[in-house]
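# Reading the structure
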Amino acid sequence: MKVLRLIDTALAKILKVVGLACFVGLFVILMANVFFRWIPLLKNLPNFSMGWFDELVEMLFAWMIMTTASILCRDKAHFTVDLLQMKFKEIRWINILNMFCDIVSLIFLIALCYYSMVLMMGARQLTQEMHIQKRWFYLCMPLNSFIMSCYTLRDLIVDCEKFVCFRKKTV
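Residues numbered from 1 in each chain as written. Predicted model: local features only at pLDDT ≥ 70, side-chain atom pairs only at ≥ 80, totals over all residues. Heavy atoms only, no water.

## Structural notes on the nonpolar core
Here is the rule we go by: Nonpolar cores are built from buried Ala, Val, Leu, Ile, Met, Phe, Trp, Tyr and Cys residues. Side-chain atoms within 4.5 Å join them into one set. Remark: exposure states derive from per-residue accessible area (1.4 Å probe, protein chains only) relative to the maximum for the residue type, with buried under 20%, exposed over 50%, and partly exposed in between. Secondary structure elements follow DSSP: runs of H or I no shorter than four residues count as helices, runs of E no shorter than two count as strands, and numbering proceeds from the N terminus. Whether two residues touch is decided by their heavy atoms; if any such pair falls within 4.5 Å, the residues are in contact.
In this structure, Ile29, Leu60 and Met148 are the most contacted members of the largest nonpolar core, which totals 21 residues. Of all the secondary-structure elements, those providing two or more residues to this core are α1 (2-38), α2 (52-74) and α6 (140-170). Those residues in contact with Met148 that sit more than four places away from it in its chain are Met66, Ala69, Ser70, Cys73 and Leu109.

## Regarding the side chain of Ser149
Put simply, the rule reads: Polar contacts, as counted here, are pairs of nitrogen or oxygen atoms within 3.5 Å of one another; within protein the pair requires one atom able to donate a hydrogen and one able to accept it, and residues that are adjacent in sequence qualify only if both atoms are side-chain atoms.
Within the element layout of this structure, Ser149 appears in helix α6. Of the residues examined, Ser149 reaches a relative accessible area of 9% and is grouped as buried. Reaching out from Ser149, the side chain makes a polar contact with the backbone oxygen of Ser145 at a distance of 2.8 Å. Those residues in contact with Ser149, other than ones at most four positions away along the chain, are Leu106, Leu109 and Ile110.

## Some details on unusual backbone geometry
If you check the backbone angles, Lys76 has positive phi at about 55 degrees while not being a glycine. For Lys76, the position within the fold is in the loop between α2 and α3 (83-87). The exposure class assigned to Lys76 is partly exposed, which follows from its relative accessible area of 49%. Here His131, not a glycine, exhibits a phi torsion of approximately 55 degrees, which is positive. Tracing the sequence through the fold places His131 in the loop between α4 (93-122) and α5 (135-138).

Quick look at the structure:
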């Protein structure tokens, strides 16, 4: 258990650093784009081009969104409608509802992981300006959906334990 907590802590730090680095990178690139549009200092230089701008923004945005989604999944901070869970938290069937939601989420995340892996492996084209394979853009989807699947499986196990403990408590 201690090893799993250590892995979880290290993974959370890595995810936060990647998400923050993508956010800062996006901010700097977007500000540079605004700056160079308003002040045409470098437009007259012969080899200056901002064509790579769109490609880098696309990649950083995808990585930022998927990575922060993994962080939210880890912390159970995604938006949820928990009206029934809050109103009927002392009733046993709420644990079954939570387990059902976890199972549906897990099925979705496994499908997302599989199909995004197929998409990533089939991506052979290069970006026009930076000449990077598109699969690096798509890698964030299978990687982070796998991480979210692991966290959802953890939530399912915790909900199953709650259900078993609730049954023992009421019997």
